[in-house]
Amino acid sequence: MLKDFFLKEVEKAVNESIKAGTLGQMGVNDEYTLIVEKPKNPEFGDFAVNVSSLARMAKIAPPMIAQAIVDKLSKENYTVSVVGGFINFKISDNMLANTIEEILNKKENYGKGKDFEKEKILLEYVSANPTGPFHIGHGRWAAMGSALANLLKFYGHEVYQEFYINDAGSQIQKLGNSLKIRIQQELGESVDFPTDEVERKNFYPGDYLIPVAKKFLKEHPEVDVHTCDIKILCDYAKAEMESCQRKLLEGFRVHFDKFYSELDLHKSGKVEKRYKELMDKGYLYEQDGAMWFKRFKYIPYS
């Protein structure tokens, strides 16, 4: 990949400049991060690297840093220019031709990394409440999560995609109560959702439950909505919303290996078990009616 190529070129030149003593006080053990980007002005070149961040270690001006690095670049199949702390790269036609040839030869394997450790990865995304249709934000998360999963798989990782169904808590009760009102309306009863803003938060007044109410009455003509267990309505509405969400994901070509129920997780006893373990080890404490993790000293990953 061209960005990787230029990043490696710069990193190699940085090391050579340090050894030559042309990068001020910067040492071989100094840690830094550089990014290859597209110049805001295309006349400057095809790619650019801002080396200004090295000034805090080198203790010299960014233009001097950039020039010291440029002096050590191979400049094979590309030309360079310096603007402030930016090193700009202009690709030669020969390099472009070689890159196109490589793409045509490798086809779907072009850009695949090598010499890295493959991992097992659990990727959880979207995970919406089963209380209504998706909104545009869910679509964004689905697209980003699916693209990330495909990218990780492309690199050879074993990726397991999971949708965590948030079906534990009061929201499912609210859903069942909302369906009950919609069913009563379909039966011709004069009933509606509360107009009070606080009380209205205990319902889902969206029109999307109207077809669900019609379907319920068609499938359960014998049920008396006034006396039936509200759990029946909760379970029915939740199942309908989950079905709606899954169909949309399928049409969006987003695949999940498992839809994991939060309610099932709580029923399994695993949450209570882990909670007890954390409490016994002193990792948790209760304050102001909530549970908190104790603050620990941060130890950087190495």
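Preceding block: the structure.
What comes next concerns the included structure. Remember, predicted model here, so these are calculated numbers, not experimental data. (Residues numbered from 1 in each chain as written. Predicted model: local features only at pLDDT ≥ 70, side-chain atom pairs only at ≥ 80, totals over all residues. Heavy atoms only, no water.)

**Things to note about the nonpolar core**
Judged by nonpolar contacts, the single largest core of 26 residues is most densely connected at Val51, Leu54 and Ile69. Of all elements in the fold, only α1 (2–20), β2 (47–50), α2 (55–58), α3 (62–70) and β4 (86–91) reach the threshold of two or more residues within this core. Once residues within four sequence positions are removed from consideration, Leu54 is found in contact with Val14, Met26, Tyr32, Leu34, Ile65 and Ile69. (Core = buried A, V, L, I, M, F, W, Y, C linked by side-chain atoms within 4.5 Å. Buried < 20%, exposed > 50% of the residue type's maximum accessible area, 1.4 Å probe, protein only. Helix = DSSP H or I, 4+ residues; strand = E, 2+ residues; numbered from the N terminus. Contact = heavy atoms within 4.5 Å.)

**Some details on empty space enclosed by the protein**
Applying the stated criterion to the full structure yields 1 cavity of 30 Å³ or more. Taken as a whole, the largest cavity spans an internal volume of roughly 40 Å³. If you go around the largest cavity, the residues you meet are Phe163, Ile165, Glu242, Gln245, Arg246 and Phe259. Mapped by element, the contributors of at least two residues to the lining of the largest cavity are β6 (158–165) and α9 (230–251). Sort the elements by how many residues they give to the lining of the largest cavity and α9 lands first, with 3 residues. (1 Å grid on protein atoms, 1.4 Å probe; cavity = no way out; pocket = protein on both sides within 12 Å on 5 of 7 lines; lining within 4 Å. Points joined across faces, edges and corners; volume = space filled by probe spheres on them.)

**Examining the layout of surface pockets**
Of the pockets and cavities examined, the largest pocket occupies roughly 510 Å³. Lining the largest pocket we find 18 residues, and of these Met1, Asp4, Glu102, Lys106 and Lys112 sit closest to its centre. Breaking the lining of the largest pocket down by element, the ones donating at least two residues are α1 and α4 (93–106). A total of 5 residues in the lining of the largest pocket trace back to one element, the largest contributor, which is α4. Among the residues forming the lining of the largest pocket, the class breakdown is 6 nonpolar, 6 polar and 6 charged. Within this model, the second largest pocket holds a volume of roughly 170 Å³. The wall of the second largest pocket is formed by Asp167, Ala168, Gly169, Ile172, Gln173, Lys231, Cys234, Asp235, Lys238, Leu263 and Lys267. Looking at the lining of the second largest pocket, the elements with two or more residues in it are α6 (170–186), α9 and α10 (262–267). Among the elements that take part in the lining of the second largest pocket, α9 stands out by supplying 4 residues, more than any other. Here the residues of the lining of the second largest pocket are counted per class, giving 4 nonpolar, 2 polar and 5 charged. (Nonpolar A, V, L, I, M, F, W, Y, C, P; charged D, E, K, R; others polar.)

**Some remarks on the packing of aromatic side chains**
What the rule picks out here adds up to 14 aromatic pairs. Residues Phe163 and Phe259 carry aromatic rings whose centres are separated by 5.2 Å and whose planes lie at 35 degrees to one another, so their mutual orientation is tilted. With a gap of 96 residues between them, Phe163 in strand β6 and Phe259 in strand β7 (residues 258–261) connect regions that are remote in the sequence. Taken together, a centroid distance of 5.0 Å and an interplanar angle of 80 degrees make the contact between Phe216 and Tyr236 edge-to-face. Of this pair, Phe216 sits in helix α8 (residues 209–219) while Tyr236 is found in helix α9, placing the two residues 20 residues apart along the sequence. (Phe/Tyr/Trp six-rings, centres within 6.5 Å; stacked < 30°, edge-to-face > 60°.)

**Describing the packing of α8 against α9**
Where α8 meets α9, the axes come as close as 11 Å, and the angle between the chain directions of the two elements is 120 degrees. Comparing their axes, α9 and α8 come out oblique. The interaxial crossing formed by α8 with α9 has right-handed handedness. Contacts between α8 and α9 involve Leu209, Val212, Lys215, Phe216 and Glu219 from the first element and Ile232, Leu233, Tyr236, Glu240 and Met241 from the second. Among the residues forming the contact of α8 with α9, the class breakdown is 7 nonpolar, no polar and 3 charged. (Axes fitted to C-alpha atoms, helices over the stretch in contact; angles between N-to-C directions. Parallel < 35°, antiparallel > 145°, perpendicular 65-115°, else oblique. Left-handed = near helix turned anticlockwise from the far one by under 90°.)

**As for the state of the cysteines**
Inspection of the entire model under this criterion finds 0 disulfides. Just so you know, Cys234 is unpaired, no disulfide at all, and the nearest cysteine sulfur is the one on Cys228, 9.6 Å from it. The cysteine Cys244 is free of any disulfide, with Cys234 supplying the nearest cysteine sulfur at 18 Å. Residue Cys244 is classed as partly exposed on the basis of its relative accessible area, which comes to 34%. (Disulfide = S-S within 2.5 Å.)

**Quick notes on the sheet that holds strand β3 (residues 78–83)**
If you trace the 4 strands from one edge of the open sheet to the other, you get β1-β2-β4-β3, paired in antiparallel fashion. The outermost strands of the open sheet, each flanked by one partner alone, are β1 (36–37) and β3. Alignment of β3 against β4, held across 6 bridges, turns out to be antiparallel. From the neighbouring strand, Val83 faces β4, where its bridge partner is Phe86. The strands touched by α3 within the sheet are β3 and β4, with β3 carrying the most contacts at an inclination of about 165 degrees. (Pairing = 2+ DSSP bridges.)

**Quick word on the pairing of strand β8 (residues 284–287)**
Judged from the 4 bridges that link them, β8 and strand β9 (residues 290–293) form a sheet pairing that is antiparallel. Bridge pairing in β9 links Leu284 to Phe293. Hairpin geometry of β8 and β9 is characterised by an intervening segment of 2 residues between the two adjacent antiparallel strands and by a positive phi of about 55 degrees at Asp288.

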